[in-house]
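Architecture and fold: a report
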Amino acid sequence: MYWLVKSEPSVYGWEQLVKDKKTSWDGVRNYAARNHLKAMKKGDEVLFYHSNEGMEIVGIAKVDKEFYQDPTTDDANWVVVDLKPHKKLKKPVTLSQIKTDKRLQEMALVRLGRLSVQPVTEKEWKIIMELAGENS
DNA sequence: GCCAACGTTGGC
DNA sequence: GCCAACGTTGGC
């Protein structure tokens with residue numbers, strides 16, 4: 001499956017993930033986002049989106065470890081997954097590109113702007129790859 | 001820095 | 001269980 005996660009670069013950006021080699025995606029405190037975390041499988045590919053600054057998809061991460069208890073809280077409601085960087089996009093795909101592409105109007109990124117972890121359909125994934133200049 | 005959108009909380 | 005109030009996120 002395919003996913004998209006957002007992060008503010010000033011808090012935790014793509015460069016930081018590359019530097020760290022791996023990170024646990026903690027701090028998710030939203031039930032919808034949490035449910036998506038729980039549905040992630042090892043090896044799933046995850047678009048890495050920069051919110052606020054940049055406002056673009058900059059790279060692809062992969063799920064390295066499936067969900068487990070969020071170590072930053074004792075509340076059993078919350079979980080994290082481990083992500084590792086997979087590849088940086090040749091060309092970042094900006095929010096405005098996505099918003100102007102007729103084929104991507106149904107994307108959660110457009111419709112549910114505030115959701116921090118969201119699923120991406122295979123169709124959408126292919127379009128993003130095309131916009132990013134990736135030929136896979 | 002403002003404000004719209006949305007989720008959550010809490011009073012009834 | 002409804003809904004108003006409030007807080008947070010994120011685009012602009």
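All values reported here derive from a predicted model rather than from experimental measurement.

A word on the pattern of salt bridges. Close approach of charged atoms allows side chains with opposite charge to pair. Applying the stated rule across the entire model yields 11 salt bridges. Of the charged contacts, one joins Lys84 and Asp64 as a salt bridge, the two residues approaching to 3.4 Å between their closest N and O atoms. Pair noted here: Lys84 is in strand 5 (residues 79–94) and Asp64 is in strand 4 (residues 56–69), with a separation of 20 residues, a long-range link. According to the relative accessible area criterion, Lys84 is partly exposed, its value standing at 33%. One salt bridge connects Asp101 with Arg103, and the closest N-O pair in it is separated by 2.9 Å.

The next subject is the protein's contact with DNA strand B. All residues in the neighbourhood of DNA strand B are listed as Asn30, Tyr31, Arg111 and Arg114. Contacts to DNA strand B include Arg114, whose side-chain N or O atom sits 2.3 Å from a base oxygen. Partitioned by chemical class, the residues of the surface near DNA strand B number one nonpolar, one polar and two charged.

This paragraph deals with the protein's contact with DNA strand C. DNA strand C sits among Lys6, Tyr49, Ser51, Asn52, Met55, Leu95, Lys99, Gly113 and Arg114. A breakdown of the atoms of DNA strand C within 4 Å of the protein gives sugar and phosphate a share of 71%. Arg114 places a polar side-chain atom, nitrogen or oxygen, 2.9 Å from a base oxygen of DNA strand C. Split by residue class, the surface near DNA strand C holds three nonpolar, three polar and three charged.

The mixed open sheet is built from six strands, whose spatial order is 2-5-4-3-1-6. Each edge of the open sheet carries a strand with a single partner, namely strand 2 (23–24) and strand 6 (117–120). As defined by bridge partners, strand 3 (residues 45–50) adjoins strand 4 across six bridges and the pair is classed as antiparallel. Opposite Glu45, over in strand 4, you have Lys62 as the bridge partner. Sitting on the sheet, helix 6 (residues 122–131) touches strand 1 (2–7), strand 3, strand 4, strand 5 and strand 6, and the angle it makes with strand 3 is about 55°.

Conventions adopted
- Residues numbered from 1 in each chain as written.
- Chains lettered and ligands numbered in written order.
- Predicted model: local features only at pLDDT ≥ 70, side-chain atom pairs only at ≥ 80, totals over all residues.
- Heavy atoms only, no water.
- Salt bridge = Lys/Arg side-chain N within 4 Å of Asp/Glu carboxyl O.
- Helix = DSSP H or I, 4+ residues; strand = E, 2+ residues; numbered from the N terminus.
- Buried < 20%, exposed > 50% of the residue type's maximum accessible area, 1.4 Å probe, protein only.
- Near = heavy atom within 4 Å.
- Polar contact = N/O pair within 3.5 Å; in protein donor to acceptor, adjacent residues only side chain to side chain.
- Nonpolar A, V, L, I, M, F, W, Y, C, P; charged D, E, K, R; others polar.
- Pairing = 2+ DSSP bridges.
- Contact = heavy atoms within 4.5 Å.
- Axes fitted to C-alpha atoms, helices over the stretch in contact; angles between N-to-C directions.

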